Amino acid sequence: YKLNGGTLTPLINATPSNWNITLTLTEGQQNISIYANDTSTAKNQANKNVTIFVDLNNPTISSLVCSSPVNDSVSVNCYINSTDSFGLSSLIVGFNATGSWQNSSIISLSGKSQNYTYSIDAANTSLSNLKFSTLAYVSDLSGRTASSIFYDINITDDVFPTIWNI
């Protein structure tokens, strides 16, 4: 076999008709050429080229920033930047704005780097704690995932009290 056009290297003969090798591959595209020939009088030969992609690294979330403090009648906008050397696949945003954790639907991503803005509707916030947290999860095309650190959002009350039945 040859790895990435390198030196022709013999395979280990496991049985008279099976050969194998264990390779340690680096991150990135790998091209493997496999050659076979027999020792019979016909001297048959065959070869096969295979391209594989090795993904050893998780995607990264380089930033998660949300508008804070924010009035309880205003939606919270969160800005997420993520990257991956092979390609991004999806994003999920989790938050506990109502006091219980909930996740967004799966958000499709593409490319190697993407900025995304996610909005948590004002109707989904609760003033019980005057603060909630959010977290982002991103996946790449090979299924590797990463999560961000928690981002705390402070909520302020912008609704004036009402007096009635006086």
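Residues numbered from 1 in each chain as written. Predicted model: local features only at pLDDT ≥ 70, side-chain atom pairs only at ≥ 80, totals over all residues. Heavy atoms only, no water.

Asks: Quick question: what am I supposed to make of the overall build of the protein here?
Replies: Scanning the protein for helices and strands turns up zero helices and 15 strands. For a compact globule of 166 residues, the expected C-alpha radius of gyration is about 15 Å, and the protein comes in at 27 Å, more than 25% above that figure. Overall size of the protein, expressed as C-alpha extent along the three principal axes, is 110 × 25 × 20 Å. A separation of at least 24 residues holds for 59% of the contacts in the protein among residues at least 6 apart in sequence. (Helix = DSSP H or I, 4+ residues; strand = E, 2+ residues; numbered from the N terminus. Rg over C-alpha atoms; globule rule 2.2 N^0.38 Å. Contact = heavy atoms within 4.5 Å.)

Asks: Looking at this structure, I do not really get the sheet that holds strand 5 (residues 45-54). What am I missing?
Replies: The pairing of strands in a sheet happens through backbone hydrogen bonds and is either parallel or antiparallel. The antiparallel open sheet is built from three strands, whose spatial order is 1-4-5. Looking at strand neighbours, the two that pair on one side only are strand 1 (2-3) and strand 5, the edges of this open sheet. Alignment of strand 4 (residues 28-37) against strand 5, held across ten bridges, turns out to be antiparallel. Residue pairing for strand 5: Tyr 35 is matched across the bridge by Asn 47. (Pairing = 2+ DSSP bridges.)

Asks: Would you mind showing me how to read the side chain of Ser 90 here?
Replies: Along the chain, Ser 90 turns up in strand 9 (residues 88-95). Those residues in contact with Ser 90 that sit more than four places away from it in its chain are Ile 106, Ile 107, Leu 109, Tyr 137, Val 138 and Ser 139.

Asks: Would you take a moment to explain the sheet that holds strand 8 (residues 76-83) for this structure?
Replies: The three strands lie next to each other as 6-8-12, forming an open sheet whose pairing is antiparallel. Each edge of the open sheet is held by one strand with a lone partner, namely strand 6 (60-66) and strand 12 (113-120). On average, each strand axis in the sheet is inclined to that of its neighbour by 15°, with strand direction left out of account. Pairing of strand 8 with strand 12 involves eight bridges; the strand directions are antiparallel. Pairing of Val 76 across the sheet is with Ile 120, part of strand 12. (Axes fitted to C-alpha atoms, helices over the stretch in contact; angles between N-to-C directions.)

Everything listed is a geometric property; what it means functionally is a separate question.
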